[in-house]
Structure formats: C-alpha cells, structure tokens
Amino acid sequence: IYQCDWSSDVCSSDLGLVVLPFVLSQLSAEARRRQVAAARDWLTPGGRIAVIDLAPPNLDAALLEQAVGEMLGGTFTERRGEPLGRHLVLIDAIAE
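Residues numbered from 1 in each chain as written. Predicted model: local features only at pLDDT ≥ 70, side-chain atom pairs only at ≥ 80, totals over all residues. Heavy atoms only, no water.

Caption draft 1: Local environment of the overall build of the protein chain. The number of helices and strands found in the protein chain is 2 helices and 6 strands. Order of helices (α) and strands (β) in the protein chain, N terminus to C terminus: β-β-β-α-β-α-β-β. Counting the 96 residues in the protein chain, one finds 32% classified as buried. Entry remark: accessible area of the protein chain is about 6,100 Å², with carbon and sulfur atoms responsible for 56%. (Helix = DSSP H or I, 4+ residues; strand = E, 2+ residues; numbered from the N terminus. Buried < 20%, exposed > 50% of the residue type's maximum accessible area, 1.4 Å probe, protein only. Areas by Shrake-Rupley, 256 points an atom, 1.4 Å probe, with all protein chains shown as cover.)

Caption draft 2: Here's a closer look at unusual backbone geometry. In this model, Glu 78 sits at a positive phi of 50°, which is unusual for a non-glycine residue. Position of Glu 78 among the secondary structure elements: in strand 5 (residues 76–84). Relative accessible area serves as the criterion here: at 62%, Glu 78 is assigned to the exposed category.

Caption draft 3: Broad picture of a nonpolar patch on the surface. The grouping of Ile 52, Leu 54, Leu 84 and Leu 88 at the surface amounts to a nonpolar patch, some 280 Å² of accessible area in total. Mapped onto the secondary structure, Leu 88 falls in strand 6 (residues 88–95). On the basis of relative accessible area, Leu 88 is assigned to the partly exposed category, the value being 32%. (Patch = residues over 30% accessible without salt bridge, like charges linked within 9 Å, V, L, I, M, F, W, Y side chains within 5 Å. Salt bridge = Lys/Arg side-chain N within 4 Å of Asp/Glu carboxyl O.)

Caption draft 4: Local environment of the pairing of strand 4 (residues 48–54). With 4 bridges joining them, strand 3 (residues 17–20) and strand 4 adopt parallel strand pairing. By the bridge assignment for strand 4, Val 18 is matched with Ile 49. (Pairing = 2+ DSSP bridges.)

Caption draft 5: Region of the structure containing helix 1 (residues 29–42). The end-to-end C-alpha separation of helix 1 is 20 Å, in line with the 20 Å expected for 14 residues at 1.5 Å each. Looking at helix 1, one finds that the buried residues are Ala 31, Arg 32, Val 36, Ala 39 and Arg 40. (Expected span 1.5 Å × (residues − 1).)

Caption draft 6: Up close: the environment of Ala 93. Its location among the elements puts Ala 93 in strand 6. Put simply, Ala 93 and Ile 49 are 44 residues apart on the chain and 5.4 Å apart in space, counted from C-alpha to C-alpha.

Caption draft 7: A look at the nonpolar core. Judged by nonpolar contacts, the single largest core of 18 residues is most densely connected at Leu 20, Ile 49, Leu 72, Phe 76 and Ile 91. Those elements that provide at least two residues to this core are strand 3, helix 1, strand 4, helix 2 (61–72) and strand 6. Aside from chain neighbours lying at most four places away, what touches Phe 76 is Val 36, Arg 40, Leu 43, Ile 49, Ala 93, Ile 94, Ala 95 and Glu 96. (Core = buried A, V, L, I, M, F, W, Y, C linked by side-chain atoms within 4.5 Å. Contact = heavy atoms within 4.5 Å.)

So, in structure tokens, the structure goes:
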C-alpha cells in the first residue's frame, strides 16, 4: 500500500511500513515468497511488515510461530504473530 498526503508531502513509503493482503496464507508457497520478497525489497532495514491473515481454528502459539517463520522466511527479525479473534491473526516483523 502506497499512499501520499499531498498537503503535507508525506508518503507511506517514508514511514517504512508494508501491509500485505490478508490472504497471504492462502497463496502457493512461490506466490507467497514473491509477495514477501517484494515487500522486503521495498523496505529499508528496520522497516516494518504487517499482515492480517486468516487463522485456522484452534491455532496454538507454537503453530503460529512456525507459520510466521514459514511465511516470512529469514529476512525479518522480531517476528511475532498475535491472534485477532477467532479467525484472524496479526503478523508483524522488522526488516533486517
């Protein structure tokens, strides 16, 4: 998502934040890898990626941690996943 507020000359690209579509987990591994790589290429080190995605029922913390690692790969630090109600999860990480 790239937005500018022309009245203040501030763009979201200046903030170092990328928000990916909430269907990331539903993509094939290759399509997911391309989405995450494109987001990583756009971010400077220390920039943040955020994903609100679908969560399977009865998601436990260990499975969520594993899923976040698989989705984002090794190019992000401080990866975390946080359930948002019964059907959504917030995935958040910092670009290396």
